[in-house]
Amino acid sequence: MVDLFIWLFSFFILVALLVILVFQLICLADLEFDYINPYDSSSRINKVVLPEFILQGFLCLFYLLTGHWVMSLLCAPYLYYNVRLYTRKQHLVDVTEIFNFLHWEKKQRICKLVYVVVLIFFAVFWMIYTALEDVDD
């Protein structure tokens, strides 16, 4: 039963990551279609970048501490990419260069979105598998 709550908790964390990434993509799309100015777009995105990194790092550590090694290993490349962006100081969107890197920023966030969706599918699978396994006991 505890395992089921672990998967449920990780599912909600993954959904929160998904919402953050969709919010960032919406901000970039609004900028592309000239609905908001570059300053507002970059400030909105920059406010949620660090919480995204912290949430993803917490999720990887959470999987590691609860003994879900496969999910922890699946989260590791995403965590490595975020740490690499942070250490190179490329994690924030620059107001003056946002139009030059708009296509790259959108592509980057779409790749992250696909990765999180795959992790959600794995988490849902393991949550259902654990729930059915608990019913058998």
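Residues numbered from 1 in each chain as written. Predicted model: local features only at pLDDT ≥ 70, side-chain atom pairs only at ≥ 80, totals over all residues. Heavy atoms only, no water.

If you check an unreviewed UniProt entry, the protein appears there as Protein cornichon-like protein 4 from Hibiscus syriacus. UniProt's Subcellular location (unreviewed entry) comment on the protein is quoted here verbatim: "Membrane". According to the UniProt record, the Sequence similarities (unreviewed entry) comment for the protein is "Belongs to the cornichon family." (UniProt positions renumbered as here; feature names shortened; annotations may be inferred.)

As for the packing of aromatic side chains
Counted by the stated rule, this structure contains twelve aromatic pairs. Here the aromatic rings of F9 and F62 are separated by 5.1 Å at their centres, their planes lie at 65 degrees, and the arrangement is edge-to-face. With F9 in helix 1 (residues 2–32) and F62 in helix 2 (residues 38–66), this pair connects stretches of sequence that are 53 residues apart. Classification of F9 by relative accessible area gives partly exposed; the value is 38%. We classify F62 as buried; its relative accessible area is 16%. Pairwise contacts between aromatic rings join W7, F9, F58, F62, Y63, F125, W126 and Y129 into one cluster. (Phe/Tyr/Trp six-rings, centres within 6.5 Å; stacked < 30°, edge-to-face > 60°. Helix = DSSP H or I, 4+ residues; strand = E, 2+ residues; numbered from the N terminus. Buried < 20%, exposed > 50% of the residue type's maximum accessible area, 1.4 Å probe, protein only.)

Things to note about the UniProt feature "transmembrane region" (unreviewed entry) in the protein
Sequence positions flagged by UniProt for "transmembrane region" (unreviewed entry) are, in local numbering, residues 53–81 and 113–132. Strand forms 0% of residues 53–81 and helix 93%; the C-alpha atoms that close the span are 10 Å apart. Along residues 113–132 the backbone is 100% helical and 0% strand, and the end-to-end C-alpha distance reaches 28 Å.

Considering the nonpolar core
Judged by nonpolar contacts, the single largest core of 21 residues is most densely connected at L14, L59, Y63 and V116. Put simply, the parts of the chain that give this core at least two residues each are helix 1, helix 2, helix 3 (69–87) and helix 4 (102–136). With eight residues, the single largest contributor to this core is helix 1. If we ignore the near neighbours within four places in the chain, the residues touching Y63 are W7, S10, L14, H68, M71, S72, C75 and A123. (Core = buried A, V, L, I, M, F, W, Y, C linked by side-chain atoms within 4.5 Å. Contact = heavy atoms within 4.5 Å.)

Structural notes on the pattern of salt bridges
Overall, the coordinates contain three salt bridges when judged by the stated rule. Of the charged contacts, one joins K106 and E32 as a salt bridge, the two residues approaching to 2.5 Å between their closest N and O atoms. Note that K106 is positioned in helix 4 and E32 in helix 1, a separation of 74 residues in sequence. Residue K106 is classed as partly exposed on the basis of its relative accessible area of 22%. (Salt bridge = Lys/Arg side-chain N within 4 Å of Asp/Glu carboxyl O.)

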